[in-house]
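So you can see what is in the structure, the chains are spelled out below.
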Amino acid sequence: MTDIGSSRAPGPTSTATITGPSATAPERRPKRPSRPQHRPAWQEKPSLPGRIGKIAALTAITLVVLYPMYTVMLTSISTQGSVNESGGMVTVPRGITFGAYEQILTGGVVTQSILVSVFITGVGTLLATGVSIMAAYGLSRPGSLFHRGLLLFFVITMFFGAGMIPTYLLVSNLGLIDSLWSLILPSAVSAFNLLILRNFFMGIDRSITEAARIDGASDWRILRSIVIPMSKAVIAVIALFYGVMYWNSFFNAMLYLNDSSKWPLQLVLRSYVLQGQPVPGADVVDTGGAEVAGLPIKMAITVVAVIPILLVYPLIQRHFTKGVIFGAIKG
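Everything numeric in this text was worked out from a predicted model, so none of it was measured.

Enquirer: Quick question: what am I supposed to make of the confidence of the model for the protein chain here?
Expert: Close reading of the predicted structure is inappropriate where its pLDDT is low. Looking at the protein chain, pLDDT values average 79 and 76% of them are 70 or higher. Element-level mean pLDDT values for the protein chain span from 47 in strand β2 (residues 291-293) up to 92 in helix α4 (residues 109-140). Scored below 50 in pLDDT, residues 1-23 shows one contact in the model against residues more than four places distant or in partner chains. This model gives residues 286-292 a pLDDT under 50, and the stretch forms nine contacts once residues within four places in sequence are excluded.

Enquirer: What is the right way to read unusual backbone geometry from this model?
Expert: In terms of backbone geometry, most residues other than glycine have negative phi values and most peptide bonds are trans. The backbone phi angle of Asp-178 is positive, close to 65 degrees, even though this residue is not glycine. Relative to the helices and strands, Asp-178 is located in the loop between α6 (164-173) and α7 (191-202). What makes Asp-178 partly exposed here is its relative accessible area of 25%.

Enquirer: Explain the pattern of salt bridges here, please?
Expert: It is possible for side chains of opposite charge to pair when their charged atoms get near one another. This structure, assessed with the given rule, holds three salt bridges. The salt bridge partner of Arg-94 is Glu-85, with a shortest N-O separation of 3.3 Å. Overall, the relative accessible area of 31% leaves Arg-94 in the partly exposed class. When the shortest N-O distance is used, the salt bridge between Arg-213 and Asp-219 registers 3.0 Å. Accessibility expressed as a relative area gives 34% for Arg-213, which makes it partly exposed.

Enquirer: Whenever I open this one, the nonpolar core confuses me. Can you help?
Expert: The nonpolar side chains of a soluble globular protein tend to be buried, and buried together. Formed by 63 residues in total, the largest nonpolar core has its most connected members in Ile-104, Leu-197, Phe-201, Leu-265 and Ile-301. For this core, the leading source of residues is helix α10 (residues 232-248), giving 10 residues.

Enquirer: Would you explain the environment of Arg-94 in this entry?
Expert: Mapped onto the fold, Arg-94 is located in the loop between α2 (80-86) and α3 (99-105). Between the C-alpha atoms of Arg-94 and Gly-81, which are 13 residues apart in sequence, the distance is 9.7 Å. The residues touching Arg-94, leaving out its near neighbours within four places in the chain, are Ser-78, Ser-82, Glu-85 and Ser-86. Within polar-contact distance, the side chain of Arg-94 engages the side chain of Glu-85 at 3.3 Å.

Rules and cut-offs
- Residues numbered from 1 in each chain as written.
- Predicted model: local features only at pLDDT ≥ 70, side-chain atom pairs only at ≥ 80, totals over all residues.
- Heavy atoms only, no water.
- pLDDT = per-residue confidence, 0-100.
- Helix = DSSP H or I, 4+ residues; strand = E, 2+ residues; numbered from the N terminus.
- Contact = heavy atoms within 4.5 Å.
- Buried < 20%, exposed > 50% of the residue type's maximum accessible area, 1.4 Å probe, protein only.
- Salt bridge = Lys/Arg side-chain N within 4 Å of Asp/Glu carboxyl O.
- Core = buried A, V, L, I, M, F, W, Y, C linked by side-chain atoms within 4.5 Å.
- Polar contact = N/O pair within 3.5 Å; in protein donor to acceptor, adjacent residues only side chain to side chain.

This is the structure in structure tokens:
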């Protein structure tokens, strides 16, 4: 009787491990050559002619922008004799003097207008930015009171306005005629800036604000301690927008101000530079029976009106991408 558990010798049909030369690994197919990846043209390294063309184009654009500024500043520090010899704007320095700046900055109409513009720009920017932040924060909370109705109201004002006459009647009925507040309050809120702020606020992680609310923080505390510090970039850009608007505004001053001592700098610039009226206390030129402000005086007023914006823009420029673009598409 054969033992079932005994081992059996491998027969001809038994399976054995093959270790001979015939035991080869599976054939590997040769790799196909990878197709070259074509990148967009703007991602490719520019060729030498392309780099030369870009440099030439940027240089030409820079010269086109800087040349008018150069002639304006050079004319403002030139004598009236140099202007007469050049037949207009001075392009070659000669007869350098800062007399024009001394005349417009040592008291008088221009100095007073600069103080008025600084007041309007400073107070108006602070007021408009503060009101826009509070309104945008309220509209960014989905459960806020009259959320959809107020948002629709602000959007409508972007496309439809009351017009000049109804606005003038409103300002007049409020008793703001011949007051500097007539240049500040009608422009205190911009629907475009408010919507940018709102969209940026909506992009802030709600879990952060909800955690603060659970800890007992009020909406004022959340806005002051969390939302505003996280939104410095967009707030800086919005403040710049308001500042440039108030600094360059002159049309409202034409409508609402009758006292020339309250004119802002831009209205003085329009009257004494564009219309050629003589600047009180400054040198004037007789042009065949009509006395007008000399060209150096005009250019000096232009430089004083432009320089503050040129100084502020580079400081805020780095916030544009993070502030405006993100705020416009987020939410």
